[in-house]
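Fold and contact review
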Amino acid sequence: MDGAKLLTAAKIIVKAGEQIEAIISILKEKLGEALTNENIEIDVDYDTDEEYSEGDWIYKSYLWDIALFKIKRGKKTKQPFAHIAIKVVLYDEDECKDSKWEPSLYISYGTGEIAFDLESSLWLSPKKKGWDLDGNKLWNWKEEDEQGWGFVLPLVKLNFEETLVEQIIKPVKKLFDGTASADAFPSDNDGLAFRFTQDVNGTKIIS
């Protein structure tokens, strides 16, 4: 590595950080608009979790957990009934084993009071125990009395607010309302979410 390459890498990381913050800000706002109603309120004070590279130079992964509360008699319940996690993964050695993987944004939904963290949110390689592929984009999971789902998108393609709405907000709303996975996402020609295949040899990204 020479000085010019190092400078370019530093500039890219700084710019990426600014763009990621903008993405998260838009997603938080739009998810609130899509899911909040007379029966549900999203907690704007969300928890975060992060994982650094060796030496703590940069974030490898960062997670935002958003809590969903029920509204009863005009008041928010003390404990959430579900959580939505937004996880950005810039680098992960396990994920990189799939040649088609790239820095990605993971969306996870789960019922229950306990917030997501980096260990409990959606992992692809190795896949979290209990996650099963529904169609080719959505992962479902069920454990005791809790259940949820998740999907993954390439980070660099989420460049515009309209893209975030079409590729994330609308699918989340549809899935939250019980729409089947086959009808929740844009068509394969228009959709950005990773498509997967799962067999005895493991899980692979199709595109």
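Thresholds applied
Residues numbered from 1 in each chain as written. Predicted model: local features only at pLDDT ≥ 70, side-chain atom pairs only at ≥ 80, totals over all residues. Heavy atoms only, no water. Helix = DSSP H or I, 4+ residues; strand = E, 2+ residues; numbered from the N terminus. Rg over C-alpha atoms; globule rule 2.2 N^0.38 Å. Contact = heavy atoms within 4.5 Å. Areas by Shrake-Rupley, 256 points an atom, 1.4 Å probe, with all protein chains shown as cover. Lys, Arg positive; Asp, Glu negative; His and termini not counted. Charge placed at Lys NZ, Arg CZ, Asp CG, Glu CD. Buried < 20%, exposed > 50% of the residue type's maximum accessible area, 1.4 Å probe, protein only. Pairing = 2+ DSSP bridges. Expected span 1.5 Å × (residues − 1). Polar contact = N/O pair within 3.5 Å; in protein donor to acceptor, adjacent residues only side chain to side chain. Bend = angle between axes of the 7 residues up to and from the residue. pLDDT = per-residue confidence, 0-100. Patch = residues over 30% accessible without salt bridge, like charges linked within 9 Å, V, L, I, M, F, W, Y side chains within 5 Å. Salt bridge = Lys/Arg side-chain N within 4 Å of Asp/Glu carboxyl O.

Moving on to the overall build of the chain. The secondary structure content of the chain amounts to three helices and eleven strands. Here the chain has a C-alpha radius of gyration of 17 Å; the compact-globule value for 207 residues is 17 Å, and the two agree. In the chain, of all internal contacts separated by at least 6 residues, the share reaching a separation of at least 24 is 57%. Summed over its atoms, the accessible surface of the chain is roughly 11900 Å², and 50% of this surface lies on carbon and sulfur atoms. Across the chain, the 26 positively charged side chains and the 39 negatively charged ones have centroids separated by 3 Å.

For strand β9 (residues 146–154), the buried fraction is high: seven of the nine residues fall into the buried class. Pairing of strand β6 (residues 104–111) with β9 involves seven bridges; the strand directions are antiparallel. Counterpart to S104 in the pairing with β9 is P154. Sheet topology places strand β8 (residues 138–143) next to β9; five bridges connect them, and they run antiparallel. Note that in β9 the partner of K142 across the bridge is Q147.

Turning to unusual backbone geometry, a few remarks are in order. Glycine aside, residues mostly have negative phi, and peptide bonds are mostly found in the trans state. Residues other than glycine seldom take positive phi values, yet R73 does so here, at roughly 55°. Given the relative accessible area of 83%, R73 is considered exposed.

With that settled, the discussion passes to helix α1 (residues 3–35). Look at α1: 48 Å from first C-alpha to last across 33 residues, which is about the 48 Å you get at 1.5 Å a residue. Every buried residue of α1 is listed here: I20, I23, I24, L27, K30, L31, G32 and L35. For α1, the secondary structure elements touched by its buried residues are β1 (40–42), β3 (59–72), β5 (82–89), β6 and α2 (161–176). At the N-terminal end of α1, a side-chain oxygen is found 3.2 Å from the backbone nitrogen of A4, two or three residues along, and the residue is D2.

The largest bend along α2 reaches roughly 30° and is located at I169, with the proline P171 sitting one to four residues downstream. Listing the buried residues of α2 in full gives T163, L164, Q167, I168, I169, P171, V172 and L175. Each element contacted by the buried residues of α2 is listed here: α1, β5, β6, β8, β9 and α3 (181–184). Downstream of α2 by one or two residues, G178 has phi in the positive range, about 95°.

Within the element layout of this structure, I66 appears in strand β3. With 23 residues separating them along the chain, I66 and D43 place their C-alpha atoms 6.3 Å apart.

Here we come to the confidence of the model for the chain. Residues shown with low pLDDT carry predicted positions that ought not to be read at fine detail. Mean pLDDT over the chain works out to 85, with 92% of the residues at or above the 70 mark. Averaged pLDDT values for the elements of the chain fall to 71 in strand β2 (residues 47–52) and rise to 96 in α2.

Okay, a nonpolar patch on the surface next. Taken together, the side chains of I13, W57 and I58 define a hydrophobic patch exposed on the protein surface, amounting to about 360 Å² of accessible area. The residue I58 is located in the loop between β2 and β3 in this model. On the accessibility criterion, I58 (35% relative accessible area) is partly exposed.

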